[in-house]
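# Structure assessment
Take a look at the letters that make up each chain.
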Amino acid sequence: MKQVDSTDPRWPGHVMIPDYLNYKALVAWETALDRAKTVSELETTKGSSSFFLELLPVACSIILEWHIEGLPEKVTPDNFPASTKLLAFTTGIVSDLYTSTNEDPSLPKEVGKS
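Residues numbered from 1 in each chain as written. Predicted model: local features only at pLDDT ≥ 70, side-chain atom pairs only at ≥ 80, totals over all residues. Heavy atoms only, no water.

To continue, consider the overall build of the protein. Assigned secondary structure in the protein consists of 3 helices and 3 strands. When burial is assessed residue by residue, the protein has 34% of its 114 residues classed as buried. For the protein, the proportion of contacts with a sequence separation of at least 24, taken over those separated by at least 6, is 58%. When the accessible area of the protein is evaluated, it comes to approximately 7400 Å², of which 55% is carbon and sulfur surface. (Helix = DSSP H or I, 4+ residues; strand = E, 2+ residues; numbered from the N terminus. Buried < 20%, exposed > 50% of the residue type's maximum accessible area, 1.4 Å probe, protein only. Contact = heavy atoms within 4.5 Å. Areas by Shrake-Rupley, 256 points an atom, 1.4 Å probe, with all protein chains shown as cover.)

Following this line, the structure appears as structure tokens:
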């Protein structure tokens, strides 16, 4: 497991994530991304909220432990605060985990990529 610290003073603490995505989680994340893109294209008036709403259930299921001040131990879409910063933090973690799961460490990193 890896610890990822929150840098938002409103939501201090950390979450614990797996070292990599298993195949089931990887497919769930890719499926959620596809749905999010489709919903986002259809509902342009709602901005990014519909996009992130598609990703949130999968992101919550991938994060193993929540140690964020003010949040319950098990966070779900039903008890997730309506905070865009916390939402970006949560989905960003899973996006980074997705990327790192599929990186080949023997290859040089592309310029501009972290």
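Before going further, it helps to examine the sheet that holds strand β2 (residues 13-17). A sheet is described by the order of its strands in space; here 3 strands give the open sequence β1-β2-β3, paired in antiparallel fashion. Since the sheet does not close on itself, it has two edges, and those belong to β1 (2-5) and β3 (65-68), each with one partner. Strand after strand, the sheet turns through a mean of 20 degrees between neighbouring axes, direction not considered. Inspection of the sheet shows β1 paired to β2 by 4 bridges, in the antiparallel sense. Directly across from D5, in β2, lies its bridge partner H14. Lying over the sheet, helix α3 (residues 84-102) contacts β1, β2 and β3, oriented at roughly 140 degrees with respect to β1. (Pairing = 2+ DSSP bridges. Axes fitted to C-alpha atoms, helices over the stretch in contact; angles between N-to-C directions.)

Rolled over the atoms, a probe as big as a water molecule pinpoints where empty space is left. Put simply, the second largest pocket is a space of about 160 Å³. At the level of elements, α2 (49-62) and α3 are the ones that each hand at least two residues to the lining of the second largest pocket. Per-element accounting of the lining of the second largest pocket gives the leading share, 4 residues, to α2. Taken together, the residues of the lining of the second largest pocket break down into 8 nonpolar, 3 polar and no charged. (1 Å grid on protein atoms, 1.4 Å probe; cavity = no way out; pocket = protein on both sides within 12 Å on 5 of 7 lines; lining within 4 Å. Points joined across faces, edges and corners; volume = space filled by probe spheres on them. Nonpolar A, V, L, I, M, F, W, Y, C, P; charged D, E, K, R; others polar.)

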